[in-house]
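# Analysis of the macromolecular model
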Amino acid sequence: MLRKTFNNLPRFGQLCARQVRPQSTQVAAAGATNDVEPEDISNVEERILKHADYFQVHNLFTVRDLFNARVHYGHKEGSLDDRMRPYLYGSRLGHLIFDLDKTAAHLRDALNVAAHIAFRDGIILFFNRNALNAQLVEQKAREAGEFSHTRFWRGGIFTNANVQFDAVTRLPDLCIFLNTQNNVLTQHTAVRDSAKMAIPTIGIVDSNCNPNLITYPVPGNDDSPAAVELYCNLFKEAIWRGKRKRRELLGLPPLEEGSSSKDRRSRSFVKKN
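In this report, the structure presented in the accompanying data block is examined. (Residues numbered from 1 in each chain as written. Predicted model: local features only at pLDDT ≥ 70, side-chain atom pairs only at ≥ 80, totals over all residues. Heavy atoms only, no water.)

### Regarding the sheet that holds strand β4 (residues 124-127)
Rules: In this analysis, strands are considered paired if DSSP registers two or more bridges between them. Each helix corresponds to a stretch of at least 4 residues labelled H or I by DSSP, and each strand to a stretch of at least 2 residues labelled E; elements are numbered beginning at the N terminus. Fitting a line to C-alpha atoms yields each axis, with helices limited to the stretch in contact; the angle taken between N-to-C directions then spans 0 to 180 degrees. Between two residues, a contact is recorded if the distance between any of their heavy atoms is within 4.5 Å.
Ordered by their spatial adjacency, 5 strands build an open sheet running β5-β4-β6-β7-β8, and the pairing between neighbours is parallel. Each having just a single partner strand, β5 (147-149) and β8 (216-219) make up the two edges of the open sheet. Strand-to-strand twist across the sheet, computed as the mean angle between neighbouring axes with direction ignored, equals 20°. In terms of strand pairing, β4 meets strand β6 (residues 174-177) through 4 bridges, oriented parallel. Note that in β6 the partner of I124 across the bridge is L174. On the sheet, helix α7 (residues 134-143) packs against β4 and β5 and is oriented at approximately 165° with respect to β5. Where helix α9 (residues 189-196) meets the sheet, it contacts β4, β6 and β7 (201-205), and its direction lies at approximately 155° from that of β6.

Shown next as C-alpha coordinates:
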(Lines give C-alpha, C1' and ligand atoms only; values in the text may rest on other atoms or scores of the structure.)
Protein backbone atom coordinates (compact mmCIF):
# COMPACT_ATOMS: atom_id res chain seq x y z
CA MET A 1 0.00 0.00 0.00
CA LEU A 2 2.85 2.40 0.84
CA ARG A 3 4.57 1.77 -2.50
CA LYS A 4 1.38 2.61 -4.41
CA THR A 5 0.96 5.79 -2.38
CA PHE A 6 4.45 7.05 -3.23
CA ASN A 7 4.42 6.41 -6.99
CA ASN A 8 3.75 10.06 -7.85
CA LEU A 9 6.28 11.52 -5.43
CA PRO A 10 9.87 12.44 -6.41
CA ARG A 11 12.35 9.69 -5.74
CA PHE A 12 14.69 10.34 -2.87
CA GLY A 13 17.66 9.81 -5.19
CA GLN A 14 16.59 12.87 -7.19
CA LEU A 15 16.46 14.96 -4.04
CA CYS A 16 20.00 13.91 -3.19
CA ALA A 17 21.44 14.70 -6.65
CA ARG A 18 23.36 17.79 -5.54
CA GLN A 19 27.00 18.80 -5.38
CA VAL A 20 28.99 17.96 -2.28
CA ARG A 21 29.87 21.03 -0.24
CA PRO A 22 33.55 22.02 -0.66
CA GLN A 23 35.94 21.05 2.13
CA SER A 24 39.37 22.33 2.96
CA THR A 25 42.40 20.62 1.42
CA GLN A 26 43.77 19.69 4.82
CA VAL A 27 40.55 17.98 5.88
CA ALA A 28 40.29 16.14 2.57
CA ALA A 29 43.89 14.97 2.83
CA ALA A 30 43.49 13.85 6.42
CA GLY A 31 40.37 11.84 5.64
CA ALA A 32 41.57 10.41 2.34
CA THR A 33 42.64 7.14 3.92
CA ASN A 34 39.41 6.78 5.86
CA ASP A 35 36.92 7.43 3.04
CA VAL A 36 33.97 5.06 3.08
CA GLU A 37 31.91 4.65 -0.04
CA PRO A 38 28.43 6.10 0.67
CA GLU A 39 25.46 3.77 0.55
CA ASP A 40 23.47 3.86 -2.65
CA ILE A 41 20.40 6.04 -2.22
CA SER A 42 18.14 3.48 -3.89
CA ASN A 43 19.09 1.03 -1.15
CA VAL A 44 18.22 3.63 1.49
CA GLU A 45 14.85 4.10 -0.18
CA GLU A 46 14.13 0.40 -0.22
CA ARG A 47 15.15 -0.04 3.39
CA ILE A 48 12.94 2.82 4.58
CA LEU A 49 9.90 1.49 2.72
CA LYS A 50 10.41 -2.05 3.99
CA HIS A 51 10.77 -0.96 7.60
CA ALA A 52 7.54 -1.49 9.54
CA ASP A 53 7.94 1.72 11.55
CA TYR A 54 11.01 3.62 10.37
CA PHE A 55 9.96 6.89 12.03
CA GLN A 56 8.98 5.26 15.34
CA VAL A 57 5.43 6.63 15.32
CA HIS A 58 4.21 3.76 17.50
CA ASN A 59 5.57 5.52 20.59
CA LEU A 60 3.75 8.81 19.97
CA PHE A 61 0.70 7.78 21.99
CA THR A 62 -0.89 5.04 24.05
CA VAL A 63 -4.44 3.71 24.27
CA ARG A 64 -4.72 5.58 27.57
CA ASP A 65 -4.02 8.85 25.70
CA LEU A 66 -6.87 8.07 23.33
CA PHE A 67 -9.19 7.31 26.22
CA ASN A 68 -8.32 10.53 28.05
CA ALA A 69 -8.99 12.53 24.87
CA ARG A 70 -12.47 10.92 24.56
CA VAL A 71 -11.64 9.32 21.22
CA HIS A 72 -13.84 6.33 22.11
CA TYR A 73 -17.09 8.34 22.12
CA GLY A 74 -19.31 7.82 19.07
CA HIS A 75 -22.72 9.20 18.14
CA LYS A 76 -26.10 7.86 19.18
CA GLU A 77 -27.10 4.38 18.10
CA GLY A 78 -29.75 5.65 15.69
CA SER A 79 -27.16 7.46 13.54
CA LEU A 80 -24.89 4.45 13.06
CA ASP A 81 -23.54 3.76 9.58
CA ASP A 82 -23.45 -0.03 9.20
CA ARG A 83 -20.00 0.19 7.57
CA MET A 84 -18.59 1.33 10.95
CA ARG A 85 -19.76 -1.73 12.89
CA PRO A 86 -16.38 -3.56 12.72
CA TYR A 87 -14.73 -0.72 14.65
CA LEU A 88 -17.19 -0.65 17.57
CA TYR A 89 -16.76 -2.11 21.04
CA GLY A 90 -20.37 -1.67 22.16
CA SER A 91 -22.71 1.02 23.43
CA ARG A 92 -23.50 2.73 26.71
CA LEU A 93 -26.59 4.76 27.56
CA GLY A 94 -27.55 4.87 23.89
CA HIS A 95 -24.15 6.13 22.67
CA LEU A 96 -21.75 4.00 20.64
CA ILE A 97 -18.25 3.21 21.94
CA PHE A 98 -15.23 2.60 19.69
CA ASP A 99 -12.76 -0.23 20.23
CA LEU A 100 -9.62 1.81 21.03
CA ASP A 101 -7.29 -1.11 20.28
CA LYS A 102 -8.49 -1.04 16.68
CA THR A 103 -8.38 2.75 16.61
CA ALA A 104 -4.77 2.73 17.85
CA ALA A 105 -3.69 0.29 15.12
CA HIS A 106 -5.33 2.34 12.35
CA LEU A 107 -3.98 5.62 13.74
CA ARG A 108 -0.41 4.30 13.83
CA ASP A 109 -0.72 3.22 10.19
CA ALA A 110 -1.98 6.69 9.28
CA LEU A 111 0.84 8.43 11.17
CA ASN A 112 3.37 6.21 9.43
CA VAL A 113 2.00 7.20 6.02
CA ALA A 114 2.03 10.91 6.93
CA ALA A 115 5.67 10.65 8.04
CA HIS A 116 6.66 8.93 4.78
CA ILE A 117 4.89 11.57 2.67
CA ALA A 118 6.65 14.34 4.60
CA PHE A 119 9.97 12.50 4.17
CA ARG A 120 9.43 12.57 0.40
CA ASP A 121 8.73 16.35 0.57
CA GLY A 122 5.08 15.84 -0.32
CA ILE A 123 2.35 18.45 0.09
CA ILE A 124 -0.07 17.64 2.93
CA LEU A 125 -3.47 19.31 3.21
CA PHE A 126 -5.51 19.30 6.44
CA PHE A 127 -9.32 19.47 6.22
CA ASN A 128 -11.91 20.35 8.85
CA ARG A 129 -15.53 21.53 8.55
CA ASN A 130 -16.31 21.90 12.25
CA ALA A 131 -16.22 25.62 13.10
CA LEU A 132 -15.43 24.78 16.73
CA ASN A 133 -12.06 23.28 15.78
CA ALA A 134 -11.25 25.33 12.66
CA GLN A 135 -8.74 27.68 14.29
CA LEU A 136 -6.96 24.80 16.01
CA VAL A 137 -6.56 22.86 12.76
CA GLU A 138 -5.23 25.91 10.90
CA GLN A 139 -2.73 26.63 13.66
CA LYS A 140 -1.42 23.07 13.81
CA ALA A 141 -1.11 22.90 10.01
CA ARG A 142 1.00 26.07 10.05
CA GLU A 143 3.17 24.66 12.81
CA ALA A 144 3.71 21.55 10.71
CA GLY A 145 4.64 23.71 7.70
CA GLU A 146 1.68 22.46 5.67
CA PHE A 147 -1.70 23.64 4.33
CA SER A 148 -5.20 23.65 5.81
CA HIS A 149 -8.72 24.22 4.51
CA THR A 150 -11.55 24.77 6.99
CA ARG A 151 -14.15 26.55 4.85
CA PHE A 152 -16.79 25.41 2.41
CA TRP A 153 -15.20 23.23 -0.28
CA ARG A 154 -16.31 24.07 -3.79
CA GLY A 155 -16.46 21.03 -6.05
CA GLY A 156 -13.95 20.91 -8.87
CA ILE A 157 -10.94 22.37 -7.06
CA PHE A 158 -9.18 19.02 -7.42
CA THR A 159 -10.93 17.58 -10.44
CA ASN A 160 -10.82 20.77 -12.52
CA ALA A 161 -7.87 22.58 -10.93
CA ASN A 162 -6.26 23.82 -14.14
CA VAL A 163 -9.43 25.69 -15.10
CA GLN A 164 -10.25 26.86 -11.58
CA PHE A 165 -6.81 28.43 -11.05
CA ASP A 166 -6.04 29.14 -14.72
CA ALA A 167 -2.66 27.44 -14.38
CA VAL A 168 -1.08 24.01 -14.10
CA THR A 169 -1.61 23.14 -10.44
CA ARG A 170 0.17 20.61 -8.28
CA LEU A 171 -2.36 18.75 -6.16
CA PRO A 172 -1.60 17.65 -2.61
CA ASP A 173 0.14 14.32 -2.07
CA LEU A 174 -1.93 13.54 1.02
CA CYS A 175 -5.20 14.86 2.46
CA ILE A 176 -5.88 14.53 6.19
CA PHE A 177 -9.55 14.89 7.16
CA LEU A 178 -10.07 15.68 10.84
CA ASN A 179 -13.75 15.06 10.08
CA THR A 180 -15.16 13.64 6.87
CA GLN A 181 -18.65 15.15 6.99
CA ASN A 182 -19.97 18.50 5.80
CA ASN A 183 -22.83 18.00 8.24
CA VAL A 184 -24.57 15.11 9.95
CA LEU A 185 -25.99 13.76 6.68
CA THR A 186 -23.56 14.56 3.83
CA GLN A 187 -19.95 13.60 3.26
CA HIS A 188 -17.25 16.20 2.64
CA THR A 189 -17.04 16.87 -1.10
CA ALA A 190 -13.23 16.76 -1.03
CA VAL A 191 -13.36 13.11 0.06
CA ARG A 192 -15.03 12.20 -3.22
CA ASP A 193 -12.78 14.53 -5.25
CA SER A 194 -9.63 13.06 -3.67
CA ALA A 195 -10.81 9.55 -4.56
CA LYS A 196 -11.47 10.62 -8.16
CA MET A 197 -7.95 12.06 -8.47
CA ALA A 198 -6.29 9.08 -6.70
CA ILE A 199 -5.01 11.31 -3.90
CA PRO A 200 -4.39 9.21 -0.76
CA THR A 201 -6.46 10.28 2.23
CA ILE A 202 -6.40 9.87 5.99
CA GLY A 203 -9.74 10.43 7.68
CA ILE A 204 -11.11 10.41 11.22
CA VAL A 205 -14.37 8.52 10.75
CA ASP A 206 -17.04 8.73 13.45
CA SER A 207 -19.83 6.21 13.90
CA ASN A 208 -22.08 8.06 11.42
CA CYS A 209 -19.47 8.22 8.62
CA ASN A 210 -18.77 6.17 5.50
CA PRO A 211 -15.13 4.96 5.55
CA ASN A 212 -15.16 3.37 2.09
CA LEU A 213 -13.59 6.28 0.15
CA ILE A 214 -10.90 6.96 2.77
CA THR A 215 -7.54 5.32 2.04
CA TYR A 216 -6.53 5.14 5.70
CA PRO A 217 -9.64 5.43 7.91
CA VAL A 218 -9.14 6.07 11.63
CA PRO A 219 -12.28 5.23 13.65
CA GLY A 220 -12.88 7.69 16.47
CA ASN A 221 -14.56 10.80 17.81
CA ASP A 222 -14.31 13.67 15.30
CA ASP A 223 -16.17 16.34 17.29
CA SER A 224 -14.59 16.87 20.72
CA PRO A 225 -11.87 19.56 20.83
CA ALA A 226 -9.71 17.32 23.04
CA ALA A 227 -9.79 14.51 20.48
CA VAL A 228 -9.15 16.81 17.51
CA GLU A 229 -6.24 18.47 19.34
CA LEU A 230 -4.71 15.05 20.00
CA TYR A 231 -5.01 14.08 16.32
CA CYS A 232 -3.46 17.37 15.21
CA ASN A 233 -0.53 17.08 17.60
CA LEU A 234 0.14 13.50 16.55
CA PHE A 235 0.09 14.27 12.83
CA LYS A 236 2.23 17.36 13.36
CA GLU A 237 4.87 15.33 15.17
CA ALA A 238 4.78 12.55 12.56
CA ILE A 239 5.25 15.11 9.77
CA TRP A 240 8.18 16.72 11.56
CA ARG A 241 9.83 13.35 12.10
CA GLY A 242 9.71 12.73 8.37
CA LYS A 243 11.05 16.19 7.54
CA ARG A 244 13.86 16.01 10.09
CA LYS A 245 15.00 12.61 8.83
CA ARG A 246 14.98 13.85 5.22
CA ARG A 247 17.13 16.86 6.04
CA GLU A 248 19.46 14.69 8.11
CA LEU A 249 20.08 12.29 5.21
CA LEU A 250 20.52 15.21 2.80
CA GLY A 251 23.07 16.83 5.08
CA LEU A 252 20.96 19.97 5.52
CA PRO A 253 20.69 22.01 8.73
CA PRO A 254 17.68 21.09 10.87
CA LEU A 255 14.51 23.18 10.77
CA GLU A 256 12.91 24.62 13.85
CA GLU A 257 9.34 23.56 14.46
CA GLY A 258 6.88 26.13 13.18
CA SER A 259 9.22 27.23 10.38
CA SER A 260 9.10 26.01 6.79
CA SER A 261 11.61 25.33 4.06
CA LYS A 262 9.26 26.94 1.54
CA ASP A 263 7.28 30.14 1.92
CA ARG A 264 4.26 28.53 0.31
CA ARG A 265 3.95 26.26 3.34
CA SER A 266 3.50 29.15 5.78
CA ARG A 267 -0.05 30.01 4.68
CA SER A 268 -3.30 28.13 5.02
CA PHE A 269 -4.78 26.84 1.78
CA VAL A 270 -8.02 28.83 1.84
CA LYS A 271 -9.92 29.82 -1.29
CA LYS A 272 -12.41 32.56 -0.44
CA ASN A 273 -15.79 32.64 -2.06
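### Overview of the nonpolar core
How we decide: Working definition of a nonpolar core: buried Ala, Val, Leu, Ile, Met, Phe, Trp, Tyr and Cys residues. They are joined through side-chain atoms within 4.5 Å. Buried residues are those whose accessible area, probed at 1.4 Å on protein chains only, stays under 20% of the maximum for their type, while exposed residues exceed 50% and partly exposed ones sit between those limits.
Judged by nonpolar contacts, the single largest core of 44 residues is most densely connected at L111, F126, L178, I202 and F235. Going through the elements one at a time, α4 (41-50), α6 (100-119), β4, α7, β6, β7, β8 and α10 (225-250) are the ones with two or more residues in this core. With 11 residues, the single largest contributor to this core is α6. Excluding anything up to four places from it in sequence, F235 contacts L107, A110, L111, A114, F126, I176 and I202. In terms of nonpolar packing, the next biggest core, distinct from the first, is built from 21 residues, L88, F98, I199 and I214 among them.

### Some points on the packing of α7 against α10
Rules: When describing relative orientation, an angle under 35 degrees is termed roughly parallel and one over 145 degrees roughly antiparallel, while 65 to 115 degrees is termed roughly perpendicular and anything else oblique. Side-chain classes follow a simple rule in which Ala, Val, Leu, Ile, Met, Phe, Trp, Tyr, Cys and Pro form the nonpolar group, Asp, Glu, Lys and Arg form the charged group, and the remainder, Gly included, forms the polar group.
Between α7 and α10, the shortest axis-to-axis distance is 9 Å and the interhelical angle comes to 10°. When the interaxial angle is binned, α7 and α10 end up roughly parallel. Of α10, the residues touching α7 (which contributes L136, V137, K140 and E143) are P225, V228, E229, C232, N233, K236 and W240. Residue composition of the contact of α7 with α10, by class: 6 nonpolar, 1 polar and 4 charged.

### With respect to α9
Within α9, burial applies to T189, A190, V191, D193 and S194. Here the buried face of α9 lies against β4, β6 and β7. Residue A198 follows α9 closely and has a positive phi angle near 60°.

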